[in-house]
Amino acid sequence: MAWHLSAQRTDYLIKNSSMALLWFDREQQQLSLNSSAEHCLTLGLTSPDNVSLALLQQHWQALLSAPTIATFLMQGDVGDTLPILHIQSQRRCSLQLTTQDAGGCLLLLTDADNEQSDKANPTQQFDRALSEISTQLIRCSAEQVDQHIVAALEAFAQCSYSDRCYVFLFDDDGEVINNSHEWAAVGVSRHAHELKGLQESDLPWFFQCLREQQQMVLNHIDSLPRAAQAEHDEFKREQIRSILCVGIFASDRMIGFVGADAVKQQRDWTHDDIRRLRLVGNVIFNTLQRHWDQQALDTAREHMQALNQRLQRQAHQDGLTGLANRRALDRCLLLELRRAARQQQALSLLLIDIDYFKAYNDYFGHLHGDQALKTVARVLQEHAQRSGDMVSRYGGEEFVIVLPATDQQQAEQLGQRLLANLRAEQIAHPASPTAQVLTISIGAHSITPEAKSAPQQLATRLLKAADDALYYAKKQGRDRYCCSRSISY
Ligand SMILES: Nc1nc2c(ncn2[C@@H]2O[C@H](COP(=O)(O)OP(=O)(O)OP(=O)(O)O)[C@@H](O)[C@H]2O)c(=O)[nH]1
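Scope of this entry: the structure provided in the associated data block. (Residues numbered from 1 in each chain as written. Predicted model: local features only at pLDDT ≥ 70, side-chain atom pairs only at ≥ 80, totals over all residues. Heavy atoms only, no water.)

**Structural notes on the overall build of the chain**
Helix and strand counts for the chain come out as 13 helices and 17 strands. Every one of the 489 residues in the chain was classed for burial, and the buried ones make up 47%. Counted over contacts in the chain with a minimum sequence separation of 6, partners at least 24 positions apart contribute 61%. Surface exposure of the chain reaches about 25300 Å², of which carbon and sulfur atoms provide 48%. (Helix = DSSP H or I, 4+ residues; strand = E, 2+ residues; numbered from the N terminus. Buried < 20%, exposed > 50% of the residue type's maximum accessible area, 1.4 Å probe, protein only. Contact = heavy atoms within 4.5 Å. Areas by Shrake-Rupley, 256 points an atom, 1.4 Å probe, with all protein chains shown as cover.)

**Description of unusual backbone geometry**
The phi torsion at S251 lies on the positive side, around 55°, for a residue other than glycine. Within the chain, Q344 stands out as a residue other than glycine whose phi angle is a positive 50°. Here Q344 lies in the loop between helix 9 (326–343) and strand 13 (347–354).

**Points about the state of the cysteines**
Following the criterion strictly, the structure yields zero disulfides and no others. Left without a disulfide partner, C165 is nearest to the cysteine sulfur of C159, which lies 8.8 Å away. As a non-bridged cysteine, C482 has C483 as the owner of its nearest cysteine sulfur, 7.5 Å distant. The exposure class assigned to C482 is buried, which follows from its relative accessible area of 12%. (Disulfide = S-S within 2.5 Å.)

**Digging into the site of the ligand**
Neighbouring the ligand are 16 residues; Y356, F357, K358, D370 and R393 lie closest to it. Contacts to the ligand include H366, whose backbone N or O atom sits 3.1 Å from a nitrogen atom. Between the ligand and E397, the relevant distance is 3.1 Å, taken from an oxygen atom to a side-chain nitrogen or oxygen of the residue. For the ligand, whose unbound accessible area comes to 660 Å², protein coverage reaches 67%. (Near = heavy atom within 4 Å. Polar contact = N/O pair within 3.5 Å; in protein donor to acceptor, adjacent residues only side chain to side chain.)

**Looking at a nonpolar patch on the surface**
A surface patch of nonpolar side chains, about 270 Å² in accessible area, is lined by M304, L307 and L311. Residue placement: L307 occurs in helix 8 (residues 271–315). With relative accessibility at 33%, the residue L307 sits in the partly exposed group. (Patch = residues over 30% accessible without salt bridge, like charges linked within 9 Å, V, L, I, M, F, W, Y side chains within 5 Å. Salt bridge = Lys/Arg side-chain N within 4 Å of Asp/Glu carboxyl O.)

**Things to note about the packing of aromatic side chains**
With the rule as written, the count across this model stands at 11 aromatic pairs. A centroid spacing of 6.5 Å and a plane angle of 80° characterise the contact between F126 and F156, whose relative ring orientation is edge-to-face. Taken together, the residues F126 in helix 4 (residues 122–139) and F156 in helix 5 (residues 145–160) connect sequence positions 30 residues apart. For the pair Y360 and F364, a centre-to-centre distance of 4.8 Å together with 50° between the ring planes defines the contact as tilted. In this pair, Y360 and F364 are both assigned in helix 10 (residues 357–364), four residues apart and thus about one turn of the helix distant. Residue Y360 is classed as buried on the basis of its relative accessible area of 3%. Judged by its relative accessible area of 31%, F364 falls in the partly exposed class. By way of ring pairs, the aromatic residues Y166, F168, F170, F206, F207, F235 and F257 are connected into one cluster. (Phe/Tyr/Trp six-rings, centres within 6.5 Å; stacked < 30°, edge-to-face > 60°.)

**Brief notes about the side chain of D261**
Secondary-structure assignment places D261 in strand 12 (residues 253–262). Owing to a relative accessible area of 0%, D261 belongs among the buried residues under this scheme. Sequence-distant contacts of D261, that is, excluding residues within four places in its chain, are made with S162, D163, R164, Y166, E238, I240, S242, I243 and W269.

**What about the sheet that holds strand 15 (residues 398–404)?**
Ordered by their spatial adjacency, five strands build an open sheet running 14-15-13-16-17, and the pairing between neighbours is mixed. Either end of the sheet is taken by a strand with one partner, and the two such strands are strand 14 (390–395) and strand 17 (481–483). On average, adjacent strands in this sheet sit at an angle of 20° to one another, irrespective of strand direction. Bridge analysis of strand 13 against strand 16 (residues 440–447) gives eight bridges, and the strand direction is antiparallel. Bridge pairing links S348 to S446 in strand 16. The sheet contacts of helix 13 (residues 455–475) involve strand 13, strand 14, strand 15, strand 16 and strand 17, and relative to strand 16 the element is tilted by about 140°. (Pairing = 2+ DSSP bridges. Axes fitted to C-alpha atoms, helices over the stretch in contact; angles between N-to-C directions.)

**Let's talk about the sheet that holds strand 12**
Within a beta sheet, neighbouring strands are joined by backbone hydrogen bonds and run either parallel or antiparallel to one another. One open sheet accounts for five strands, arranged 9-8-12-11-10; its pairing is antiparallel. Looking at which strands have only one partner, the edges of the open sheet turn out to be strand 9 (177–184) and strand 10 (215–218). Between one strand axis and the next, the sheet turns by 15° as a mean value, whatever way the strands run. Summarising the sheet, strand 8 (residues 164–170) and strand 9 pair through seven bridges and their orientation is antiparallel. Of the residues in strand 9, the one forming a bridge with V167 is H181. Docked against the sheet, helix 8 engages strand 8, strand 10, strand 11 (242–250) and strand 12, running at close to 40° with respect to strand 11.

Below you can see the structure in the form of structure tokens.
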């Protein structure tokens, strides 16, 4: 089938190829370049305007216009290649005639200086870099996210010949916007530290442009409209010659933007630049979204854990005194009895009851009674401090203290200390028939369980024996310590 280089086909072919291609229109005597060819020629330059090529031979150079070189090539065969020099950039290239017809010819440009290097094909270089960075962004930890985002900005800057690249993100309320990430070429000023807390009203024209067109493409800041005086002043301050920004959107909401500045030289942004910057913006948005989702998940998890711990605590804690409750006591007592049996150690239990507490309540009222319960709880807690000691509210005005590795004698020493220290609190109890102050009675029992003993039965017998001793203490006149005989079960 005959191949006709129709204008439309050529246009499509040139624009969409990742190869550096030039199309020469014989009638118009005009040479067109696709973006890859532009990049190839402008490495180190800002624009391929007025392409001046020179035929490059071993001992001489001929400065010829591009159309002349193209016409010359067309006199040969497909596949013919000419070494050339791009005058502006001083790059050595070669031009190969790939196809021709009556309308013109298609030429393939190869950068001889960088034939082996990725630089000859910035599209591929950028695609590869961005795909690597995207993979890293998926795998990386939260701490590494920022570093990879800056790498994505750098990749864009390298392929678009920008001097500064950055991300701005709105805060949670969408009120102010901050420069969150920045990459700048060597010798180019950085501004991230000062561009914090900006409001849309600071640069109204810029933000209106971003919101309405999702992008702002400015090849020369002198082409800013009169209404953009604030933008003009700011861009001048940052020494920006050309600027390209693309909005980052979550659904329909603009959450920020990604942008690039040309500082050293003016830059005409191409469609590819805009497309790539949008790609970078998408990668950054997806990463941040994942990161934010993860953070929200972590926060929710921490919240749930804290809630669970609180519930756990509440399930085992007495609400009034903050001491362990009956359920926690039952669990602790079984554990300690097993341990005592294993280690063949004595274990003591004190059952403590406030004397004439009903009369106290009746005299002072229930709220005052609650306060007295808290004071008793504090005194008990303060003096049963050995590791493993457990003070609990057994119910009403009764408390139990479990004392692991404590024999009868040591238990009594503690019991006497508790009696004395509560008395020392001097809580007035005018309704008590036996003392002026609030007192307690303590019934105690100590055992050294044998390995074969059933802990549940032991616990019941221990509590029963302590209760008997308490009953005895009450009967003897209260405000005293009594213990049942120490026995081995
Ligand atoms: N303020 C207050 N009182 C409580 C609480 N729990 C139990 N009580 C009271 O403690 C009192 C216990 O009374 P009794 O069992 O007759 O014992 P008592 O008056 O201390 O007499 P003895 O123990 O024989 O000295 C009752 O009046 C209960 O209402 C509480 O959480 N707060």
